[in-house]
Amino acid sequence: MKLDHIDKKLLEALTEDGRLSYVELAEKVGLSRVAVKDRIQNLKDKGVIEKFSVVINSEKFGKQVSAFFEVDVEPMQLQEVAQNLADNPQVASIYQMTGPSTLHMHVLVEDFQKLEAFINKELYSVSGITRVESSIILKRFKSRTGFKL
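Ranked by size, the top nonpolar core spans 20 residues in total, and within it Phe69, Val71, Leu103, Met105 and Leu123 carry the most contacts. If you tally residues by element for this core, the top one is strand E1 (residues 65–73), at five residues. Those residues in contact with Val71 that sit more than four places away from it in its chain are Ser101, Thr102, Leu103, Met105, Leu123, Ile129, Arg131 and Val132.

In structure tokens, the structure reads:
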């Protein structure tokens, strides 16, 4: 989909602060509040804007351990395993990848005991998973949802 410069400015502003009002957005792009509301609705209708959300600092919410997993899965069980993992509340994100691993997954848990339990109960015990590798985040320098225009 081709976006004009005003749509791009709206998206950039919303990426920085999704709580901006239509009036505030209108001031930023030089349109009326009604025109901005229509443009935002159009971007939602066309699927450019998938949803509005809040980004929560997981550490402040008690999730002190953040880990990434590379998980190889038997091809015939990929969809079922991926969906089961996606349904787990400890899984923040999960993607099917090319390359050496089939699934790339981000997990947030309270402590290392919970991480160990997750690995043993939610990964090692699942039929179809053939390999698991993990990396634990030591320090976050940048984290972003979506992408910058």
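At a closest axis distance of 11 Å, the pairing of helix H1 (residues 5–16) and helix H3 (residues 33–45) adopts a crossing angle of 85°. Taken together, the axis directions place H1 and H3 in an arrangement best described as roughly perpendicular. Of the residues in H3, those touching H1 at Ile6, Asp7, Leu10, Leu11 and Leu14 are Val36, Arg39, Ile40 and Leu43.

Let's shift gears to the pairing of strand E3 (residues 103–109). For E3, a buried count of seven out of seven residues is recorded, marking the element as mostly surrounded by other parts of the structure. By the alternation rule, side chains of E3 split into Leu103, Met105, Val107 and Val109 and His104, His106 and Leu108, which are all buried. Of the strand pairs in this sheet, E1 and E3 are connected by seven bridges, and their pairing is antiparallel. Directly across from Ser66, in E3, lies its bridge partner Leu108. In the sheet, strand E2 (residues 91–96) pairs with E3 via five bridges, with the strands oriented antiparallel. Each bridged residue has a counterpart across the sheet, and for Gln96 the counterpart in E3 is Leu103. The hairpin formed by E2 and E3 contains six residues between the paired strands, and Gly99 there has a positive phi angle of roughly 90°.

Calculation notes
The residue numbering used here restarts from 1 in each chain and proceeds along that chain's sequence as written. A pLDDT threshold of at least 70 governs which residues receive local features in this predicted model, and a stricter bar of 80 or more applies before side-chain atom pairs are shown or counted, although totals over entire chains, interfaces and linings include all residues. To get the side-chain values, all heavy atoms of the structure are used, and hydrogens and water are removed first. As used in this record, nonpolar core signifies buried Ala, Val, Leu, Ile, Met, Phe, Trp, Tyr and Cys residues forming a set joined through side-chain atoms within 4.5 Å. Note on exposure labels: buried denotes an accessible area under 20% of the residue type's maximum, exposed denotes more than 50%, and partly exposed covers the range between, all computed with a 1.4 Å probe on protein chains only. Helix numbering and strand numbering both begin at the N terminus, where a helix is a DSSP run of H or I of at least 4 residues and a strand a DSSP run of E of at least 2. Contact definition: two residues touch when any of their heavy atoms are within 4.5 Å. Axes here refer to lines fitted to C-alpha atoms; in helices the fit is confined to the stretch in contact. Angles between the N-to-C directions go from 0 to 180 degrees. The scheme is simple: roughly parallel for angles under 35 degrees, roughly antiparallel for over 145, roughly perpendicular for 65 to 115, oblique for anything else. Here a strand pair is declared whenever DSSP counts at least two bridges between the two strands.

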